[in-house]
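Residue-level structural notes
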Amino acid sequence: MIQPAMTLDTFGLLCPVPIMKTASAIREIAVGEVLEVLADDPQILEDMPAWCASNGHALLDTIEEGEEYRLFVKKVK
Amino acid sequence: MSKPVKAVGLLSGGLDSTIAAAMLMRQGIEIQGLTFYTGFCVVEHNRRSKTRKRKKPVRNEALQAGAKLDLPVEMIDISGPDYLKVLTDPKYGYGKTVNPCIDCRIFMFRRARQYMDEIGAQFMFTGEVLGQRPMSQRRQPMNVIDRDAELDGLLLRPLSAKRLPPTVPEQEGWVDREQLGDIQGRSRQKQMEIAEEYGIEDYPSPAGGCCYLTDENFGRRILDFFEYEGKENLTMDDVMLLKIGRHFRVKPDVKVVMGREEGENKFLERYTPGRWRLETKDVTGPTTLVEGHPSDDDLRQIAGMTVRYAGSKADPDTPVACHYEDTERILEPSPVEESVLEAWRI
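Every value quoted in this text rests on a predicted model; they were computed, and no experiment measured them.

1. A short note on helix α4 (residues 81-88) of chain B
Every α-helix winds through 3.6 residues per turn, so residues three or four apart in the chain are directed the same way. Along α4 of chain B, the positions that sit buried rather than exposed are Y83, L84, V86, L87 and T88 of chain B. Of the surrounding secondary structure, the elements contacted by the buried residues of α4 of chain B are α5 (101-119), α9 (216-229) and α10 (236-242) of chain B.

2. Points about α5 of chain B
Residue and element names in this part refer to chain B. For α5, which comprises 19 residues, the first-to-last C-alpha distance of 27 Å matches the rise-based estimate of 27 Å (1.5 Å per residue) to within 8%. Looking only at α5, the buried set comprises I102, D103, C104, I106, M108, F109, A112, R113, Y115 and M116. Two residues or fewer after α5 comes G120, characterised by a positive phi angle close to 75°.

3. What about the sheet that holds strand β1 (residues 6-9) of chain A?
Whether parallel or antiparallel, the strands of a sheet pair through hydrogen bonds between backbone atoms. Residues and elements named next belong to chain A. One open sheet holds the four strands; their spatial order is β1-β2-β4-β3, and the pairing between them is mixed. Two strands bound the open sheet, and with one partner strand each, they are β1 and β3 (58-65). Each neighbouring strand pair of the sheet contributes to a mean axis angle of 15°, computed without reference to strand direction. The strands touched by helix α1 (residues 17-26) are β1, β2 (34-39) and β4 (68-74); relative to β1, the strand with the most contacts, the crossing angle is about 155°. Of the strands in this sheet, β2, β3 and β4 touch helix α2 (residues 44-55), which is tilted by about 5° from β4.

4. Some words on the packing of α1 of chain A against α2 of chain A
All names here are of chain A. Look at α1 against α2: their axes get within 10 Å of each other, and the N-to-C directions meet at 35°. When you trace α1 past α2, the crossing you get is right-handed. Residue-level contacts link P18, I19, T22, A23 and I26 of α1 to I44, D47, M48 and W51 of α2. Of the residues belonging to the contact of α1 with α2, the class tally is seven nonpolar, one polar and one charged.

5. So, the sheet that holds strand β5 (residues 155-156) of chain B
Residue and element names in this part refer to chain B. Strand order in the open sheet formed by five strands is β3-β2-β1-β4-β5, with parallel pairing between adjacent strands. Every other strand in the sheet has two partners, leaving β3 (73-77) and β5 as the edge strands with one partner each. As paired elements, strand β4 (residues 123-125) and β5 share two bridges and run parallel to each other. Bridged to M124 within β5 is L155. Most of the contacts of helix α1 (residues 15-25) go to β4, to which it runs at about 140°, and overall it touches β1 (6-10), β2 (30-37), β4 and β5. This element, α5, spans β1, β2, β3, β4 and β5 of the sheet and lies at about 140° to β2.

6. Observations regarding the pairing of β2 of chain B
Residues and elements named next belong to chain B. In terms of burial, β2 is largely enclosed, as seven of its eight residues are buried. In this structure, β1 lies alongside β2, joined through five bridges in parallel fashion. Among the inter-strand pairings, L10 is bridged to a residue of β2, identified as L34. Pairing analysis gives five bridges linking β2 to β3, with the strands arranged parallel. Bridge pairing in β3 links F36 to I76.

7. Section: the interface of chain A and chain B
Listed per partner, the contact involves 20 residues of chain A and 24 residues of chain B. The largest contributions to the chain A side of the interface with chain B come from L14, M20 and S54 of chain A, which together make up 28% of the buried area. Taken together, the connections running from chain A to chain B amount to one salt bridge. Between the two partners, chain A and chain B, sit three residue pairs in polar contact (both at pLDDT 80 or more). Listing elements by their share of the side of chain A that touches chain B, those giving two or more residues are α1 and α2 of chain A. At seven residues, the largest contribution of residues to the side of chain A that touches chain B is made by α2 of chain A.

8. Considerations on the domain arrangement of chain B
The assigned domain composition of chain B is domain 1 (6-198) and domain 2 (244-344). With centres defined by C-alpha atoms, the gap from domain 1 of chain B to domain 2 of chain B works out at 41 Å.

9. Some thoughts on the environment of D47 of chain A
In this structure, D47 of chain A sits in helix α2. The buried category is assigned to D47 of chain A, whose relative accessible area is 0%. The spacing of D47 of chain A and S24 of chain A is 23 residues in sequence and 15 Å in space, taken between C-alpha atoms. Other than its neighbours up to four places away in sequence, D47 of chain A contacts C15 and I19 of chain A together with R47, N60 and L63 of chain B.

10. Some words on the side chain of N55 of chain A
Along the chain, N55 of chain A falls in helix α2. On the basis of relative accessibility, which here comes to 12%, the residue N55 of chain A falls in the buried class. From its side chain, N55 of chain A meets the backbone nitrogen of V73 of chain B in a polar contact 3.2 Å long. Once residues lying within four places of it in the same chain are set aside, the contact partners of N55 of chain A are K77 of chain A together with P72 and V73 of chain B.

The rules we used
- Residues numbered from 1 in each chain as written.
- Chains lettered and ligands numbered in written order.
- Predicted model: local features only at pLDDT ≥ 70, side-chain atom pairs only at ≥ 80, totals over all residues.
- Heavy atoms only, no water.
- Buried < 20%, exposed > 50% of the residue type's maximum accessible area, 1.4 Å probe, protein only.
- Helix = DSSP H or I, 4+ residues; strand = E, 2+ residues; numbered from the N terminus.
- Contact = heavy atoms within 4.5 Å.
- Expected span 1.5 Å × (residues − 1).
- Pairing = 2+ DSSP bridges.
- Axes fitted to C-alpha atoms, helices over the stretch in contact; angles between N-to-C directions.
- Left-handed = near helix turned anticlockwise from the far one by under 90°.
- Nonpolar A, V, L, I, M, F, W, Y, C, P; charged D, E, K, R; others polar.
- Buried area = accessible area lost by both parts, 1.4 Å probe.
- Salt bridge = Lys/Arg side-chain N within 4 Å of Asp/Glu carboxyl O.
- Polar contact = N/O pair within 3.5 Å; in protein donor to acceptor, adjacent residues only side chain to side chain.
- Domains from an automatic or database assignment.

Printed below as a string of structure tokens:
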């Protein structure tokens with residue numbers, strides 16, 4: 001069970017806004033901690049892996065619950 | 001070992017900015033990618049508004065390029081009142097449509113320069129090619145942009161560098177000018193050859209036309225807004241609606257926006273507060289938003305328009321549900337002649 005240090009709610013927001021909010025939120029947690037991102041824009045399934053890959057963070061898991069998504073991003077650096 | 005030189009690269013994820021970044025990475029430059037969210041990107045809008053049932057996902061190319069080149073990408077939201085002033089009151093005017101490309105570049109480059117200073121980078125670069133675009137990528141406008149954005153020679157355009165005066169990063173020896181490009185013009189042949197040489201594949205088709213501000217239909221709608229609602233009243237919500245669906249100016253103070261498919265209908269539903277929303281009862285049809293102050297007769301006609309675009313399952317008498325805030329009325333539609341509809345179309 002992943003224990004997030006912070007949860008970011010982006011319901012109702014469309015990409016790339018959830019990604020920009022993720023970038024801001026990850027600055028607020030420590031290296032090694034996990035940010036949970038809640039979203040309902042399916043584009044995040046494309047954008048979050050790319051954002052994590054380019055910015056050096058780890059996407060630990062993505063849970064799809066109907067049209068809602070929970071993504072767990074570990075701050076690596 | 002000395003610290004690597006750091007540069008901010010304006011990265012759209014298109015072919016040009018991707019190979020510009022790769023060209024500098026090969027010279028050992030540490031690159032921080034930067035992409036702006038303006039609210040006017042065609043690809044971004046299509047990702048948001050079109051139906052989810054796609055065979056091929058539409059990607060955020062800047063993020064994809066960052067992942068591909070293994071370089072970090074910062075996304076900065078510049079949409080908002082300050083950026084809208086670029087559109088409504090451009091110092092250097094518009095291009096062929098309502099595209100304030102020179103002012104837009106100045107705005108972005110100023111913000112990029114600020115970011116460059118914030119992260120301690122030594123210079124910035126773009127994938128611009130001399131002579132590629134008619135308004136902002138000619139020598140004289142480039143000089144104006146660099147001057148007004150107060151770049152102090154710190155903007156490098158690697159793909160055309162040999163055709164431009166040396167910049168500070170070249171003069172200082174941070175980058176080797178000899179290894180930079182001498183590309184000019186609209187052909188992408190050289191860029192594709194460089195991409196092949198660098199092993200860069202799977203880049204988006206180099207076509208341009210990525211900004212709504214260069215789109216004629218969008219330009220017509222913006223000018224309609226300026227005329228009837230006043231450019232000083234333009235907001236980002238207005239911009240979002242101007243990009244989508246069919247638009248009709250029924251009266252000077254009544255405008256209709258109608259979805260063309262499921263994705264657009266869903267998108268429009270987000271903008272219901274403060275507007276009338278019409279939908280056909282019992283049969284599938286478009287979501288219609290009405291802005292302004294429609295009379296009952298107007299609403300019946302707009303109901304007629306909604307039925308007109310509802311497809312073959314709707315007949316001219318199909319009732320239309322008309323919502324405003326928490327109220328719902330069921331209207332009998334009034335038919336609208338095609339010639340009238342065309343006269344209203346924006």
